[in-house]
Amino acid sequence: MIDRAAHVTDEVASLLDASNDARIQFIRSKPWVHYPKAKHIVDLIQGLPTHPRTTRMPSIAVYGDSGMGKSMIVGRFKHDQMLAFDAATADARRKFLVVELAGGPGERRLYAQILSALGAPSNPRATIVALEQTTIRLLRAVGVQVLLIDEIHNIIAGSWREQRVVLNTLRFLSNELQLSLVCFGITEAREAINGDVQLARRFDVVTLPRWKADDEFQQLVLAILRNLPLRQPSILTARGLKRILRVTEGVTSKIFRLVNEVAIQAIETGTERLTDEAIDDWRPISEEEAAFQ
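Fair warning: this is a prediction, and the values are worked out from it, not measured in the lab. (Residues numbered from 1 in each chain as written. Predicted model: local features only at pLDDT ≥ 70, side-chain atom pairs only at ≥ 80, totals over all residues. Heavy atoms only, no water.)

Participant: In this structure, what is going on with the side chain of Arg243? I would like to understand it.
Facilitator: With respect to the secondary-structure elements, Arg243 resides in helix H11 (residues 238-248). A distance of 3.5 Å separates a polar atom in the side chain of Arg243 from the backbone oxygen of Asp280. (Helix = DSSP H or I, 4+ residues; strand = E, 2+ residues; numbered from the N terminus. Polar contact = N/O pair within 3.5 Å; in protein donor to acceptor, adjacent residues only side chain to side chain.)

Participant: Just checking my understanding: could you explain the packing of helix H5 (residues 107-117) against helix H6 (residues 128-142) for this structure?
Facilitator: Working note: a packed helix pair is described by the angle between its axes plus the distance between those axes. Two elements in contact, H5 and H6, have axes whose closest approach is 10 Å; the angle formed by their N-to-C orientations is 30°. Compared by their axis directions, H5 and H6 come out roughly parallel. Both H5 and H6 take part in a crossing whose hand is left-handed. Side by side, H5 and H6 meet where Glu107, Arg108, Tyr111, Ile114 and Leu115 of the first sit next to Ile128, Leu131, Glu132, Thr134, Thr135, Leu138 and Leu139 of the second. Within the contact of H5 with H6, the residues separate by chemical class into seven nonpolar, two polar and three charged. (Axes fitted to C-alpha atoms, helices over the stretch in contact; angles between N-to-C directions. Parallel < 35°, antiparallel > 145°, perpendicular 65-115°, else oblique. Left-handed = near helix turned anticlockwise from the far one by under 90°. Contact = heavy atoms within 4.5 Å. Nonpolar A, V, L, I, M, F, W, Y, C, P; charged D, E, K, R; others polar.)

Participant: Even after reading the chapter, I still don't get the side chain of Thr248, so can you show me in this structure?
Facilitator: Considering the arrangement of structural elements, one finds Thr248 in helix H11. Separated by 2.7 Å, the side chain of Thr248 and the backbone oxygen of Ile244 make a polar contact.

Participant: Before we go on, may I ask you to explain the pattern of salt bridges in this structure?
Facilitator: One side chain can pair with another of opposite charge once the charged atoms of both are near each other. Taken as a whole, this structure holds ten salt bridges when the rule is applied. Arg140 is the partner of Glu176 in a salt bridge, and the nearest nitrogen-oxygen pair spans 3.9 Å. Here the residue Glu176 occupies a position in helix H7 (residues 160-177), and Arg140 occupies one in helix H6, the gap between them amounting to 36 residues. With a relative accessible area of 39%, Glu176 lands in the partly exposed category. Classification of Arg140 as partly exposed rests on a relative accessible area of 46%. Note that Arg239 and Asp280 form a salt bridge whose closest N and O atoms lie 2.7 Å from each other. (Salt bridge = Lys/Arg side-chain N within 4 Å of Asp/Glu carboxyl O. Buried < 20%, exposed > 50% of the residue type's maximum accessible area, 1.4 Å probe, protein only.)

Participant: Would you explain the environment of Phe203 in this entry?
Facilitator: By the secondary structure assignment, Phe203 is in strand S7 (residues 203-208). It is 16 Å that separates the C-alpha atoms of Phe203 and Gln145, two residues lying 58 residues apart in sequence. The residues contacting Phe203, other than those within four sequence positions of it, are Ser59, Ile60, Ala61, Leu181, Cys183 and Ile193.

Participant: Looking at this structure, how should I read the domain arrangement of the protein?
Facilitator: As far as domains go, the protein holds domain 1 (10-30 + 211-281) and domain 2 (36-208). Relative placement of domain 1 and domain 2: their C-alpha centres are 33 Å apart. With eight residues of domain 1 in contact, the opposing surface of domain 2 contributes seven residues. Between domain 1 and domain 2, roughly 570 Å² of surface is buried when both sides are summed, and carbon and sulfur atoms account for 68% of that area. If you sort the residues of domain 1 by the area they bury against domain 2, Trp211, Gln219 and Thr252 come out on top, with a joint share of 49%. (Domains from an automatic or database assignment. Buried area = accessible area lost by both parts, 1.4 Å probe.)

Participant: Which parts of the structure should I look at to understand the packing of aromatic side chains?
Facilitator: In this description, an aromatic ring pair is defined by two values, namely the gap between the centres and the angle between the planes. As enumerated under the stated definition, the model contains three aromatic pairs in all. With 6.3 Å between their ring centres and 55° between their planes, Tyr35 and Phe256 make a pair best called tilted. Taken together, the residues span a long stretch of sequence, with Tyr35 in the loop between helix H2 (20-29) and helix H3 (36-47) and Phe256 in helix H12 (residues 252-269) at a distance of 221 residues. Classification of Tyr35 as buried rests on a relative accessible area of 1%. In textbook terms, an aromatic cluster arises when at least three aromatic residues are bridged by ring pairs, as seen for Tyr35, Trp211 and Phe256. Of note, Lys37 hangs over the ring of Trp211, and the distance from its end group to the ring centre comes to 4.6 Å. (Phe/Tyr/Trp six-rings, centres within 6.5 Å; stacked < 30°, edge-to-face > 60°. Lys NZ or Arg CZ within 6 Å of the ring centre and 35° of its normal.)

Shown next, in the form of structure tokens:
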């Protein structure tokens, strides 16, 4: 029996006695790691429903390069269904709804994607007015207070007019239902959103820049290590941290992948911890990454 270990979280400590296969599967499947910068954004989003309902609700735009952890934050709200039981109506209410803005932008497509996120079929022959009314009715019935739009940068694929239509539709839904918007996208989406001045003024902007050698990066690595079911405390010095930063270019998804792959190797070899030497020995699997190395 492995005693309670201070180097991991309580959840992970309960896995230290598990088989190698089980621990490796946990590393590969864990959707969320509680690190400070992501926690700050999650806290901001979770605070939005507490704001008094008005026709001009506060909203948040989260921008960052691809791979900087936006999807991980969005996934936090997907995995937690965010359902609350309303005793007065005996209904399950959903404060948060995640919608992925996939494909080309358009008013019809946006309504269809919102209805899909609600689990409601949309009639491809329905008029825009009918889709709008159905969407509003269901969002109000479910009690959505925060609409999270992932991949907002996909509106850039459309013409200037198509972009304006999508942004106007989002502003209309926010006004009509008194709900907050949270938009996630790459930095280029900022210019498109700023094209709608009335909408842009509602957003508090949060950026996810690439990591650099500072305390925040050390806190990120520590958070990842505390979520790895390794039986021994890992020992990384400035040397190991600098190599992680250099080979990943400070991209969050690459940092997670590198550390997770080294952790899996530590389980398979029985070393049960990360070291500077293990980080030095790590090599990317794909040819593209190898060329970068």
